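Secondary and tertiary structure notes
The primary structure of each chain is shown beneath.
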Amino acid sequence: MQLTDFNLALEPNLQPVFSKPATWTTQPDSHTSRELFYSLVHISEHYAALPGVYLFLKQHFQSVDQEFGANFSKNYSPAALASLLTQPAPTTDYPLAESDLNKSLVYCAPVYFTELSWLSTSVQTATCQTPVALDLMSIYLRLTAGELSIAKCRQIYLAHLLASDIEMPALHTSAFSNQADCGDEMFDFASIQLALAQFPRAYFPEILGFTLFYCQNQSLLELFFSENCHPTLPDFLTNRTKKHQQEVNPVLTIIKAYLEEFNSNRALIWQRIQTGFWLYHQQVKRCSHSLTDQLHTSLSPRQ
């Protein structure tokens, strides 16, 4: 694939440019993850938050590099990319009782209700007619269409809670972001998903790695409620996973094409792809610990 003007839309050294009024925003540390989440849900009314959102992501990338940098491979190779597929996902030795499902669904709602939001703006990138962006947009469209789509699973998710007399506030309301029954770590994870959507070109390598981990692994709740241990669980948990695991090879193809397209920047791009991959891993790990603590699980591994 030859570098063309179309492909320059995803040049890896791109940096966002903010207007002067926007640069007056406060630093992300001055906001809670819930406040940031609310601003991102209403980003069209909070453009001044974007520089802070950009720094919020950079801080998370730096945290990932510090925590997981030893797992990074220095140079790209097909074998190095394949090794990402063998990296173990976060696990738990403490499966939860089926009676804990509804509490867990409420607690994890911010993450599930913003699922795939980081790919929603790939359409904007694809207007540049860049092949890798168009392919990424195709993955997003496949995952959001059909009976096993993310939107359909979300409807079933809500219906399951309603059947248990649990009514969630609408995502766009302050009542949602202020829910005491949802963990702060979940809002942090959800804010990352929403924040990546604001920088589909500047953070394209990280988005690719983030998407790869998402596609190849089970969802957060499946770590605690496996199909084998809980055969009567609603099938929207496993159905969504089966659907997005079908997209692993297409994501790998995009990553290879992107690395080939910008061969002169291959080393830097490869590090950034790994950062995105381990960012998702880090958030699943943190949220699984948070959920365990929230429910005060006292089960032993044998139980």
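Calculation rules
Residues numbered from 1 in each chain as written. Predicted model: local features only at pLDDT ≥ 70, side-chain atom pairs only at ≥ 80, totals over all residues. Heavy atoms only, no water. Helix = DSSP H or I, 4+ residues; strand = E, 2+ residues; numbered from the N terminus. Buried < 20%, exposed > 50% of the residue type's maximum accessible area, 1.4 Å probe, protein only. Contact = heavy atoms within 4.5 Å. Phe/Tyr/Trp six-rings, centres within 6.5 Å; stacked < 30°, edge-to-face > 60°. Salt bridge = Lys/Arg side-chain N within 4 Å of Asp/Glu carboxyl O. pLDDT = per-residue confidence, 0-100. Expected span 1.5 Å × (residues − 1). Core = buried A, V, L, I, M, F, W, Y, C linked by side-chain atoms within 4.5 Å. Axes fitted to C-alpha atoms, helices over the stretch in contact; angles between N-to-C directions. Left-handed = near helix turned anticlockwise from the far one by under 90°. Nonpolar A, V, L, I, M, F, W, Y, C, P; charged D, E, K, R; others polar. Parallel < 35°, antiparallel > 145°, perpendicular 65-115°, else oblique.

Further remarks concern the overall build of the protein chain. The helix and strand tally for the protein chain stands at 14 helices and zero strands. Across the protein chain, helices and strands are ordered from the amino to the carboxyl terminus as α-α-α-α-α-α-α-α-α-α-α-α-α-α. When the 303 residues of the protein chain are sorted by exposure, 52% land in the buried category. A sequence separation of at least 24 residues applies to 85% of the contacts in the protein chain between residues at least 6 apart.

By the definition in use, this model includes 23 aromatic pairs. Note on Trp118 and Tyr214: the rings are 5.1 Å apart at their centroids and 80 degrees apart in plane angle, and the pair reads as edge-to-face. Taken together, the positions of Trp118 in the loop between helix 5 (109-113) and helix 6 (122-126) and Tyr214 in helix 11 (residues 204-216) put the pair 96 residues apart, joining distant regions of the chain. Across this residue pair, the class does not change: Trp118 and Tyr214 are buried. Between the aromatic rings of Tyr214 and Tyr280, the centroid separation amounts to 6.0 Å while the plane-to-plane angle is 55 degrees, which identifies the pairing as tilted. Taken as a pair, Tyr214 in helix 11 and Tyr280 in helix 14 (residues 266-295) lie far apart in primary sequence, 66 residues in all. No difference in accessibility class separates Tyr214 from Tyr280, as the two residues are buried. These aromatic residues form a ring-pair network of at least three members: Phe68, Trp118, Phe189, Phe210, Phe213, Tyr214, Phe277, Trp278 and Tyr280.

A few words now on the pattern of salt bridges. Scanning all chains against the criterion turns up five salt bridges. A salt bridge links Arg272 to Glu206; its shortest N-O distance comes to 2.7 Å. Within this pair, whereas Arg272 is found in helix 14, its partner Glu206 is found in helix 11, the two being separated by 66 residues in sequence. Owing to a relative accessible area of 12%, Arg272 belongs among the buried residues under this scheme.

On the secondary structure map, Ser73 appears in the loop between helix 2 (50-68) and helix 3 (78-84). Sequence separation between Ser73 and Gln271 is 198 residues, and the spatial gap between their C-alpha atoms is 7.9 Å. When sequence neighbours within four positions are dropped, the list of residues in contact with Ser73 reads Ala80, Trp270, Gln271 and Gln274.

Per-chain confidence: the protein chain averages 83 in pLDDT, with 83% of residues scoring 70 or above. Confidence drops under pLDDT 50 across residues 20-30; counting only partners more than four residues distant or on other chains, this segment forms 18 contacts. Counted against residues more than four places away or in other chains, residues 297-303, with its pLDDT under 50, gives ten contacts.

A separate point is the side chain of Thr275. Along the chain, Thr275 falls in helix 14. Each residue touching Thr275, except ones within four places of it in the same chain, is listed here: Phe61, Val64, Asp65 and Phe72.

Here the focus is the environment of Ile192. By the element assignment, Ile192 lies in helix 10 (residues 184-196). Classification of Ile192 as buried rests on a relative accessible area of 0%. C-alpha separation for the pair Ile192 and Ser33, spaced 159 residues apart in sequence, amounts to 9.6 Å. Among all residues touching Ile192, those that are not within four sequence positions of it are Phe56, Leu57, His60, Phe210, Leu279 and Gln283.

Let us now look at helix 14. Spanning 30 residues, helix 14 covers 44 Å between terminal C-alpha atoms, matching the ideal 44 Å at 1.5 Å per step. Most of helix 14 is tucked away, with 21 of its 30 residues classed as buried.

Leu57, Trp118, Tyr157, Leu196, Leu212, Leu221 and Leu291 are the most contacted members of the largest nonpolar core, which totals 89 residues. Examining the composition of this core, we find that eleven residues originate from one element, helix 14, more than from any other. Residues within four places of Leu196 in sequence aside, it is in contact with Leu57, Phe61, Trp118, Tyr203, Ile207 and Phe210.

For Gln274, the location among the structural elements is in helix 14. When the C-alpha positions of Gln274 and Phe213 are compared, they lie 9.8 Å apart, and in sequence the two are 61 residues distant. Those residues in contact with Gln274 that lie beyond four places of it in its chain are Asn71, Phe72 and Ser73.

What follows is about the packing of helix 7 (residues 131-143) against helix 11. Two elements in contact, helix 7 and helix 11, have axes separated by 13 Å at closest approach and are oriented at 35 degrees. You can see that helix 7 and helix 11 cross each other, and the crossing is left-handed. Here helix 7 contributes Val132, Leu136 and Leu143 to the contact with helix 11, which in turn contributes Phe204, Ile207, Leu208 and Tyr214. Residues that form the contact of helix 7 with helix 11 fall into these classes: seven nonpolar, no polar and no charged.

Moving on, we get to the packing of helix 13 (residues 248-261) against helix 14. Closest axis-to-axis distance for the helix 13/helix 14 pair is 9 Å, and the angle between their directions is 150 degrees. With respect to helix 14, the axis of helix 13 lies roughly antiparallel. The two elements helix 13 and helix 14 meet at a crossing, and its hand is right-handed. For the pair helix 13 and helix 14, the contacting residues are Ile255, Tyr258, Leu259 and Glu260 in the first and Arg266, Ile269, Trp270 and Ile273 in the second.

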